[in-house]
Amino acid sequence: MKPKPPTHGGKRANAGRKATGATTVSRSVSMPVRTWAALDAARGLQPRGVFIAAKLGLHRPKIILPKP
């Protein structure tokens, strides 16, 4: 009987998470409580992140590409 090649301690074909092509960018914003209250009053029903990104000019349209 042939000995099996070791399967630990190295790169293996098809191992790990599959790439989806999507990336996430996260940011942290620190402000005083009174400033958060003023922001919440101004943003209406928009999520905080969307409102802040739009004000800073960081809003990018979401592009969904079809999978090959």
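Bear in mind that the values here come from a model prediction, so they are computed numbers and not experimental data.

### A short note on the pattern of salt bridges
Under the defined criterion, the tally for this structure stands at two salt bridges. Notably, a salt bridge pairs Asp40 with Arg43, separated by 2.8 Å at the nearest N-O pair. Residue Asp40 and its partner Arg43 are located together in helix H1 (residues 33-43), separated by three residues, close to a single helical turn. Under the relative-accessibility criterion, Asp40 is labelled partly exposed at 25%. On the basis of relative accessibility, which here comes to 22%, the residue Arg43 falls in the partly exposed class. Asp40 serves as the salt-bridge partner of Arg48, at 2.7 Å between the closest nitrogen and oxygen. Among the residues examined, Arg48 registers a relative accessible area of 36% and is labelled partly exposed. Within the structure, one salt-bridge network assembled from shared partners comprises Asp40, Arg43 and Arg48.

Reading the values: rules and limits
Residues numbered from 1 in each chain as written. Predicted model: local features only at pLDDT ≥ 70, side-chain atom pairs only at ≥ 80, totals over all residues. Heavy atoms only, no water. Salt bridge = Lys/Arg side-chain N within 4 Å of Asp/Glu carboxyl O. Helix = DSSP H or I, 4+ residues; strand = E, 2+ residues; numbered from the N terminus. Buried < 20%, exposed > 50% of the residue type's maximum accessible area, 1.4 Å probe, protein only.

Note that every value here comes from positions in space, so none of it alone points to a role or purpose.
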